[in-house]
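Okay, here's what each chain looks like letter by letter:
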Amino acid sequence: MDQLSNVHTTLLLSVSLAAQNSISHYWHKVTDPTFRGIYHANAFDLAMMIPYFIVLFVLAVYGLHRYWLVYDYFAYSKNVPPNPPEVKDWPRVTIQLPIFNERYVIERLVEAVSRFDYPAELLDVQVLDDSTDETRQVAQACVERHAAQGMPIVCIHRANREGYKAGALENGLRTAKGEFVAIFDADFLPDPDFLRRTIPYFMNPDGGEKIGMVQTRWTYLNSDYSLLTNVETILLDGHFVVEHGARSRRGTFFNFNGTAGVWRRKAIDEAGGWEHDTLTEDTDLSYRSQLKGWKFLYLPQVECASELPVDMNGFKAQQARWAKGLMQTAKKILPRVLKSDAPWHVKAEAFFHLTANISYPLMVLLSTMLLPVMIVRFQQGWFQMLLIDLPLFLASTCSISSFYLVAQRELRPKTWRRTFFYLPFVMATGIGISVRNAQAVLEAIVGKKSEFARTPKFKIEGKVGTFAKKSYRNKAGWLPYAEILLGLYFSMTVVYAIINENYATVPFLLLFVWGYLYTGCMSLGQTYFARLRFGVNAPEMRPATSGAPGF
């Protein structure tokens, strides 16, 4: 027994000494001053380092802005709208349901609206149908069925898609009767009390007449369907909790999200109505309306369930449309904002909000420079890397984790720590979609027009369902191949870092490897194998989740 104990002790000492020797060797390599002062940058080094630090600095500035949003969220936490008084005379409301080839979800949406506990004589429901497939017949039959049961609903079909969604909404307003207009996309499921919880804010005698729009918070029917939908949930929660929360509490401009909100008809008209020269008509109208003096309210306590994209190509098409649309809106609206009489903090926030997607082409540029810059920086020594690179990396990357952790802690105080597991995937997915989004942003900058690429929905709730045999799936195109090549490129960068004992950079580089390979392989894989979904258990029969236990 003593001998066994001695052997065990000897082994522990040996492992400990080996570890200490390894650490000592690594520390000596980091702090060795032998060649300090010998290295001198040449023209190639400067050609790499100058753009590298410019890109890293810009990304760090946008990262610091995320910290600022978190600060505003807490600093102005008391600036939330009080509950309005009870409404005695309810106003007339028009409900607009814009759809385009949504045969899987249109009936579910109309059924949800039919359950609204709002006086039927004060409602008129418009199904704004631009469909070119059998959705037209499905929608018409659904409308006729509910109209026969007494629901005030009509179907307005356009023979062309001029203006896309914005054109359909504008066309519907020509015959709309409501003083207020509620809008729901095809994949949303508003609760029966939606209007009774939102309309009173417009009717509040204490300032309600100045409110032009009320936005509610999205929840999700299929958060747990796959790793992708879990990531999407965290991304959208960050937007709806921290971004909307901070901007609305501080009193800066924020945007209508295109659905699950209510507009005052007068605010739409005074802003010039719906325009379709950008892909984010909702943000465009939001800024024009707020520049006219209308106030917006955000009500995080009012939830509206929705369906997340379940395929990678659909998700990337959605993100690219938002990225391109925001940059188009920045070109169109930002000069007006900067010339307006709005306070400086409103202008600053508008600048960061509308231009934030410039980070995507910068991320791709940074990706291509990392390997040569790593070689140059390795020759310069570790001290300079830790002193200069590390703070910039922390500002540009760690702000992302704090941003989303705050959102999850606010929404899920009991289970928010599970977000730590998903954060690497959130960051990797953000890196992975940067190629597609960078293309979209550059197209917006140079003025290249493109069609409104809608996000297909397949009526998938919870973990149950598939889109394997359903229509509307987006095509992968050539970009996934570029993403896979970038993933392989970063794999070589990881190997280089390990060979040169640059271990501190490996975890960061692995995010690029995983991000590009995951998005690229999933895009190609789901093109041919639609059942492919990563990181989920076998489907289980259970009620669909709302996306948040109180959020």
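A short tour of the structure in this document, coming up. These numbers come from a predicted model, not from an experiment. (Residues numbered from 1 in each chain as written. Predicted model: local features only at pLDDT ≥ 70, side-chain atom pairs only at ≥ 80, totals over all residues. Heavy atoms only, no water.)

Some words on the environment of N230
Part 1: Following the sequence through the fold, N230 ends up in helix α7 (residues 227-250).
Part 2: With 192 residues separating them in the primary sequence, N230 and Y422 have C-alpha atoms 7.9 Å apart.
Part 3: For N230, the residues in contact, after removing those within four places along its chain, are S223, D224, R418 and Y422.
Part 4: A polar side-chain atom of N230 sits 3.0 Å from the main-chain carbonyl oxygen of S226. (Helix = DSSP H or I, 4+ residues; strand = E, 2+ residues; numbered from the N terminus. Contact = heavy atoms within 4.5 Å. Polar contact = N/O pair within 3.5 Å; in protein donor to acceptor, adjacent residues only side chain to side chain.)

Observations regarding the packing of helix α9 (residues 281-291) against helix α10 (residues 312-339)
Part 1: The geometry of α9 relative to α10 is characterised by a closest axis approach of 10 Å and an angle of 10° between their N-to-C directions. Taken together, the axes of α9 and α10 lie roughly parallel to each other. Mapping the contact onto sequence places T283, D284, Y287, R288 and L291 in α9 and L326, T329, K332, I333, R336 and V337 in α10.
Part 2: Considered class by class, the residues forming the contact of α9 with α10 number five nonpolar, two polar and four charged. (Axes fitted to C-alpha atoms, helices over the stretch in contact; angles between N-to-C directions. Parallel < 35°, antiparallel > 145°, perpendicular 65-115°, else oblique. Nonpolar A, V, L, I, M, F, W, Y, C, P; charged D, E, K, R; others polar.)

A short note on the pairing of strand β2 (residues 123-129)
Part 1: Summarising burial for β2: seven of the seven residues are buried, a large majority.
Part 2: Neither face of β2 is exposed, since L123, V125, V127 and D129 on one face and D124, Q126 and L128 on the opposite face are all buried.
Part 3: Relative to β2, strand β1 (residues 93-99) runs parallel, the two being bridged by seven bridges. Paired with T94 across the bridge in β2 is D124.
Part 4: With respect to chirality, the unit in which β1 leads through helix α3 (residues 106-114) into the neighbouring parallel β2 is right-handed.
Part 5: The pairing of β2 with strand β3 (residues 153-157) spans five bridges and is classified as parallel. Within the sheet, the bridge partner assigned to D129 lies in β3 and is H157. (Buried < 20%, exposed > 50% of the residue type's maximum accessible area, 1.4 Å probe, protein only. Pairing = 2+ DSSP bridges. Right-handed = clockwise from strand over helix to strand, strands pointing away.)

Comments concerning α10
Part 1: With 28 residues, α10 extends 40 Å from end C-alpha to end C-alpha; this agrees with the ideal 40 Å at 1.5 Å per step.
Part 2: The axis of α10 is deflected most strongly, by about 45°, at I333, and proline P335 appears within four residues downstream.
Part 3: In terms of residue burial, α10 counts as a mostly covered element, since 22 of its 28 residues are buried. (Expected span 1.5 Å × (residues − 1). Bend = angle between axes of the 7 residues up to and from the residue.)

A few points about a nonpolar patch on the surface
Part 1: Taken together, the side chains of L46, I50 and I54 make up a nonpolar region of the molecular surface, amounting to roughly 290 Å² of accessible area.
Part 2: Position of L46 relative to the elements: it lies in helix α2 (residues 43-75). (Patch = residues over 30% accessible without salt bridge, like charges linked within 9 Å, V, L, I, M, F, W, Y side chains within 5 Å. Areas by Shrake-Rupley, 256 points an atom, 1.4 Å probe, with all protein chains shown as cover. Salt bridge = Lys/Arg side-chain N within 4 Å of Asp/Glu carboxyl O.)

Some words on the environment of V242
Part 1: Within the secondary structure, V242 is located in helix α7.
Part 2: Separated by 176 residues in sequence, V242 and R66 place their C-alpha atoms 9.0 Å apart.
Part 3: Setting aside residues no more than four positions away along its own chain, V242 makes contact with L69, V70, Y73, D237, F403, V406 and A407.

Considering the side chain of R249
Part 1: Mapped onto the elements, R249 comes out in helix α7.
Part 2: This buried residue, R249, is left without a salt bridge; E410 holds the nearest opposite charge, at 5.2 Å.
Part 3: The residues touching R249, leaving out its near neighbours within four places in the chain, are Y73, Y76, S77, N79 and V80. (Lys, Arg positive; Asp, Glu negative; His and termini not counted.)

Comments concerning the packing of helix α15 (residues 434-446) against helix α16 (residues 479-499)
Part 1: α16 packs onto α15 with a crossing angle of 125° between their chain directions and a minimal axis gap of 9 Å. In terms of orientation, α15 lies oblique with respect to α16. Residue-level inspection shows V435, R436 and Q439 of α15 in contact with α16, the latter providing L479, E483 and L486.
Part 2: By residue class, the composition of the contact of α15 with α16 is three nonpolar, one polar and two charged.

Examining helix α4 (residues 135-148)
Part 1: Here α4 spans 20 Å end to end across 14 residues, near enough to the 20 Å set by a 1.5 Å rise per residue.
Part 2: Buried residues of α4: T135, A139, C142, V143 and H146, and no others. What you see down the axis of α4 is that its buried residues fit within an arc of 100°, all on one side. Seen from the open side of α4, the exposed residues pointing more than 90 degrees away from its buried face are Q137 and A148.
Part 3: Looking at the buried positions of α4, the neighbouring elements they touch are β1, α3, β2 and β3.
Part 4: Trailing α4 by a residue or two, G150 shows a phi angle of about 100°, which is positive. (Arc of directions from axis to C-beta.)

Focus on the packing of aromatic side chains
By convention here, two paired aromatic rings are described through the distance between centres and the angle between planes.
Part 1: This model, assessed by the stated rule, comprises 27 aromatic pairs.
Part 2: Consider the rings of W263 and F296, whose centres lie 5.4 Å apart with planes at 85°: the pair is edge-to-face. Taken as a pair, W263 in strand β6 (residues 261-264) and F296 in strand β7 (residues 295-306) lie far apart in primary sequence, 33 residues in all.
Part 3: You can call W263 buried: its relative accessible area is 0%.
Part 4: We classify F296 as buried; its relative accessible area is 9%.
Part 5: Consider the rings of W514 and Y518, whose centres lie 5.0 Å apart with planes at 10°: the pair is stacked. Of this pair, W514 and Y518 both sit in helix α17 (residues 506-528), separated by four residues, roughly a single helical turn.
Part 6: The ring of F100 has R161 lying over it, and the distance from NZ or CZ to the ring centre is 3.6 Å.
Part 7: Here R249 stacks its cationic end above the ring of Y73, 4.0 Å away from the centre of that ring. (Phe/Tyr/Trp six-rings, centres within 6.5 Å; stacked < 30°, edge-to-face > 60°. Lys NZ or Arg CZ within 6 Å of the ring centre and 35° of its normal.)

Re the sheet that holds β1
Remark on secondary structure: sheet strands pair via backbone hydrogen bonds, oriented parallel or antiparallel.
Part 1: Taken in spatial order, the seven strands of this open sheet run β3-β2-β1-β4-β6-β5-β7, and their pairing is mixed. Where the open sheet ends on each side, the last strands, each with one partner, are β3 and β7. With strand direction ignored, the average angle separating the axes of adjacent strands in the sheet is 20°.
Part 2: Both strand β5 (residues 211-220) and β6 contribute to a ladder of three bridges, which runs antiparallel. Within β6, the position partnered with M213 by the bridge is W263.
Part 3: Contacting β1, β2, β3 and β4 (180-183), helix α5 (residues 164-173) runs over the sheet at an angle of about 150° to β1.
Part 4: Contacts from helix α6 (residues 194-203) reach β1, β2, β4, β5, β6 and β7, with the element oriented near 180° to β7.

Function-wise, these values are silent; they only describe arrangement.
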